[in-house]
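# Architecture at a glance
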Amino acid sequence: MVNKTRLYAVAFVISIIAYAFIGYYIGRHETIKLLGCFSLLFAVYVWLMAKVDEVSVDHWVYASLIFRLLFLFSVPTLSDDFLRFIWDGQLMISGYHPFAHAPIYYFENNLFQNTFQRDLYEHLPKTEYFTVYPPLVQGVFWVSAKVSPNSIAGSIITLRCFNMAAEIGSLWIIKKLLLKFELPKKNILLYALNPLVIIELTGNLHHEALMIFFLLGCVYCMAYNRYTLGAISLGIAISVKLIPLIFLPLFFFRMDWRQAIKFYAVCVLMCVITFLPLLNSEFINGITTGVGYYFHTFEFNASIYYLIRELGFIFYGFNIIAMSGWKLGVASGLLIVIYSFYCSQSKSPKTFAQWPVIVPKVFMFILFIYLLFLTTLHPWYITTLVAFTIFTRYRFSVLWTFMIFLTYAGYSVSGFEENLWITFAEYLVVVGCIVYEFKAPLRELK
C-alpha cells in the first residue's frame, strides 16, 4: 500500500505544476490545455477532500497559500478586467474622477498624461463603458497606481497582495467560525483548495476576495452577538462591491425594530464614509450608467434569462434584454425579500447569536437566487457562494465551480463565442445536484 504521505506529496507537486502552467504558460484561448490543467486540479481537489484527515488540515491550508503565492508575478490571462482596475487607478493619480467619463473620452480628447496611459488604453476592454467598481475598491486601485505609476506588472503585484491578504483573512475567519459552529475543521479546505477560488481571486485579481472577507467578517460578528461591528463589516463589503445589498432585507425581518434601526444606521454610515471621497454627481451618473449595462446590454452564461431570451426571439423576433433585464432584477429582489421574510418566520431562535449555522445558509440561498436571475454570470461570481456553502450540508456550488469553468471553452484566438451547449450542460448538472441534495435525507453537518 502506497504511503499516504507520498500520495500527498504527489498531489502537492501536481497542483504546483498545474497552477504554474495556468498562471504563466496557458492562454485562455488554449482550451484543451486550460481545461485539462483545471480538470487535473479539480480531480486532485476532490481526492484531497476525500482523503485528508483532521490532523493534516492545517498543512493543506498552508499549501493553499503556496498555491496562491505562485501567481504573485503572473499576468492574468483568463480575464482582462485587471487592466480596467489599473486604468481607474491611473485616472485618480492624474486628478480625474474615475466615474466622470468612459475611457474613450480621454482618447478622443487626448487627455493622456504620459505614454504609459496611452499604451494602457490601447489594451483596455470595453472602452465605451463607464466603470462599475465602488469607492473602497477604487482606493485599492489608487494605491496600486501610486505604488507603481508606470508599470502594469508592479500594479498587478500590488493588487494581488491586497487579494492575498484578504484571502488569508478569510481563511482565518472560516477557521474560527467552523470552531464556533462546531463543524468539521476539514470544511475549510472546500474553500481553501478550490481551484476556481484560487485561480479567479488570486490569479485573475477579482475583488470578490475582499468582499468575501468582509462578508465573512459580518457573519463572524453576528455569531458573537457583535451587531455594530457586523454592520460596519457589511457596510465595507458593500463599498467593495454592491452585491451585499441583497442581504439587507434579512436583517430587517430577523431583528426587532430597535436593533434593526441601529444596524441599518451603522451600515449606512459606514457606506457614506467610504463612498464620500468620490460621492458627487459624476459618481451617481457613472455608477448608475455602469450598473445599467448589466441589465440591458451584457449577457453571458445566464440561466433564467436565456430561457426568456429564447421566448423573446419566438414572440418578438429580437433580443429582449432591454425589456427583460431590469424586470429580472426586480423579480430577483422580490424573491429575496420573500425568502428573507420566510426565514424570519421559522421556529429557530430570534437572535443571530443563537442560530449561527442558519446565517451562512440563508446568505447562500439569497445569493443563489440573485445569481439565477442575472443576465451575466462570470465564473468568479460563484466564489462567494462557495464561502458560505462550507457552513452548510449543501455541496452544489462546489460542483458548479468545475462546470462553470468550462465556459472558458468559448475563447479562441479571434475572440469569444459562447457555446450554449456547455451552458445548458452546466445548469443541467448543477440543478440536478441541487434537486438531489434537497431530496437526500437531511443530515447534520457534523
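Read on for an overview of the structure. The structure displayed is predicted, hence computed values, not measured ones.

## A look at the overall build of the chain
The helix and strand inventory of the chain stands at 21 helices and two strands. Against the 2.2 N^0.38 benchmark of 22 Å for 446 residues, the chain shows a C-alpha radius of gyration of 22 Å, consistent with a compact globule. Viewed in the frame of its principal axes, the chain has a C-alpha envelope of about 65 × 60 × 50 Å. Counting only residues that meet the buried cut, the chain has 56% of its 446 residues in that class. Counted over contacts in the chain with a minimum sequence separation of 6, partners at least 24 positions apart contribute 78%. Surface accessibility of the chain: about 19800 Å² in total, with carbon and sulfur atoms responsible for 69%. Positive and negative charge centroids in the chain, built from 31 and 24 side chains respectively, lie 13 Å apart.

## What to know about the side chain of Gln 90
Following the sequence through the fold, Gln 90 ends up in helix α4 (residues 81-93). Note on Gln 90: relative accessible area 2%, which makes it buried. Contacts of Gln 90, omitting those with residues within four sequence positions, involve Phe 116, Gln 117, Leu 120, Ala 145, Ser 148 and Pro 149.

## Examining the packing of helix α20 (residues 396-405) against helix α21 (residues 420-439)
Where α20 contacts α21, the axes come no closer than 9 Å and their chain directions differ by 170 degrees. By the angle class used here, α20 and α21 are roughly antiparallel. Residues Phe 396, Leu 399, Trp 400, Met 403 and Ile 404 of α20 form the contact with α21, whose participating residues are Ala 425, Glu 426, Tyr 427, Val 429, Val 430, Cys 433, Ile 434 and Glu 437. Class assignment of the residues belonging to the contact of α20 with α21 gives a composition of eleven nonpolar, no polar and two charged.

## Some remarks on the pattern of salt bridges
Pairing is possible between side chains of opposite charge, provided their charged atoms come close. The tally for this structure, following the rule as stated, stands at seven salt bridges. Here Glu 30 makes a salt bridge to Lys 33, at a shortest N to O gap of 3.4 Å. You can call Glu 30 partly exposed: its relative accessible area is 22%. For Asp 58, the salt bridge is made with Lys 185, and the minimal N-O distance between the two is 3.2 Å. With Asp 58 in helix α3 (residues 57-69) and Lys 185 in the loop between α8 (152-180) and α9 (188-192), this pair connects stretches of sequence that are 127 residues apart. For Lys 185, a relative accessible area of 32% gives the class partly exposed.

## Re the nonpolar core
Counting 148 residues, the largest nonpolar core has Trp 60, Leu 189, Tyr 191, Leu 371 and Trp 400 as the members making the most contacts within it. Those residues in contact with Tyr 191 that sit more than four places away from it in its chain are Arg 68, Glu 167, Leu 171, Ile 174, Val 197, Leu 201, Ile 212, Thr 383, Val 386, Ala 387 and Ile 390.

## Observations concerning the side chain of Thr 274
Within the secondary structure, Thr 274 is located in helix α14 (residues 257-275). A distance of 2.4 Å separates polar atoms of two side chains, one belonging to Thr 274 and the other to Ser 239. Ignoring any residue separated from it by four or fewer positions in sequence, one finds Thr 274 in contact with Pro 135, Leu 136 and Ser 239.

## Some words on the packing of aromatic side chains
For the structure shown, the criterion picks out 51 aromatic pairs. Both rings, one in Phe 21 and one in Tyr 25, keep their centres 5.5 Å apart while their planes meet at 55 degrees; by these two values the pair is tilted. We classify Tyr 25 as exposed; its relative accessible area is 60%. Relative to Phe 141, the ring of Phe 85 has its centre 4.9 Å away and its plane inclined at 10 degrees; by these criteria the two rings are stacked. Of this pair, Phe 85 sits in helix α4 while Phe 141 sits in helix α7 (residues 135-147); the two residues are 56 residues apart in sequence, bridging distant segments of the chain. Overall, Phe 85 belongs to the buried group, its relative accessible area being 1%. Members of the aromatic cluster, joined through ring pairs, are Phe 38, Phe 42, Tyr 45, Phe 300, Phe 402, Phe 405, Tyr 408, Tyr 411 and Phe 416. The cationic tip of Lys 126 hangs over the ring face of Phe 298; the distance from NZ or CZ to the ring centre is 5.9 Å. One cation-aromatic arrangement involves Arg 309 over Tyr 306; the distance from NZ or CZ to the ring centre is 4.2 Å.

## A closer look at α21
Along its 20 residues, α21 runs 28 Å from first to last C-alpha, staying within 8% of the 28 Å computed at 1.5 Å per residue. Among the residues of α21, those classed as buried are Thr 423, Glu 426, Tyr 427, Val 430, Cys 433, Ile 434 and Glu 437. Angular distribution of buried residues about the axis of α21 spans 125 degrees; they occupy a single face of the element. Turned more than 90 degrees from where α21 packs its buried face, Trp 421, Leu 428, Tyr 436 and Lys 439 sit exposed. Buried residues along α21 sit against α16 (304-315), α18 (358-372) and α20. In this structure Asn 419 caps α21, since a side-chain oxygen of it lies 2.9 Å from the backbone nitrogen of Trp 421.

## Thoughts on a nonpolar patch on the surface
Residues Val 13, Ile 17, Phe 21, Tyr 24, Tyr 25 and Phe 73 make up a contiguous nonpolar surface patch of roughly 650 Å² in combined accessible area. The residue Phe 73 is located in the loop between α3 and α4 in this model.

## Overview of helix α1 (residues 4-24)
The terminal C-alpha atoms of α1 lie 30 Å apart, and with 21 residues this matches the ideal 30 Å at 1.5 Å per residue to within 8%. Of all the residues in α1, the buried ones are Tyr 8, Ala 11, Ser 15, Ala 18, Tyr 19, Ala 20, Ile 22 and Gly 23. Contacts from the buried residues of α1 go to α2 (31-51), α3 and α10 (195-203).

## Let's talk about the packing of α7 against α8
With their axes 8 Å apart at the nearest point, α7 and α8 run at an angle of 140 degrees to one another. Here α7 lies oblique to α8, going by the angle between them. Once α7 is placed against α8, the crossing between them reads as right-handed. Two secondary-structure elements touch here, α7 through Val 140, Phe 141, Val 143, Ser 144, Ala 145 and Val 147 and α8 through Ser 155, Thr 158, Leu 159 and Phe 162.

What counts, and at which threshold
- Residues numbered from 1 in each chain as written.
- Predicted model: local features only at pLDDT ≥ 70, side-chain atom pairs only at ≥ 80, totals over all residues.
- Heavy atoms only, no water.
- Helix = DSSP H or I, 4+ residues; strand = E, 2+ residues; numbered from the N terminus.
- Rg over C-alpha atoms; globule rule 2.2 N^0.38 Å.
- Buried < 20%, exposed > 50% of the residue type's maximum accessible area, 1.4 Å probe, protein only.
- Contact = heavy atoms within 4.5 Å.
- Areas by Shrake-Rupley, 256 points an atom, 1.4 Å probe, with all protein chains shown as cover.
- Lys, Arg positive; Asp, Glu negative; His and termini not counted.
- Charge placed at Lys NZ, Arg CZ, Asp CG, Glu CD.
- Axes fitted to C-alpha atoms, helices over the stretch in contact; angles between N-to-C directions.
- Parallel < 35°, antiparallel > 145°, perpendicular 65-115°, else oblique.
- Nonpolar A, V, L, I, M, F, W, Y, C, P; charged D, E, K, R; others polar.
- Salt bridge = Lys/Arg side-chain N within 4 Å of Asp/Glu carboxyl O.
- Core = buried A, V, L, I, M, F, W, Y, C linked by side-chain atoms within 4.5 Å.
- Polar contact = N/O pair within 3.5 Å; in protein donor to acceptor, adjacent residues only side chain to side chain.
- Phe/Tyr/Trp six-rings, centres within 6.5 Å; stacked < 30°, edge-to-face > 60°.
- Lys NZ or Arg CZ within 6 Å of the ring centre and 35° of its normal.
- Expected span 1.5 Å × (residues − 1).
- Arc of directions from axis to C-beta.
- Patch = residues over 30% accessible without salt bridge, like charges linked within 9 Å, V, L, I, M, F, W, Y side chains within 5 Å.
- Left-handed = near helix turned anticlockwise from the far one by under 90°.

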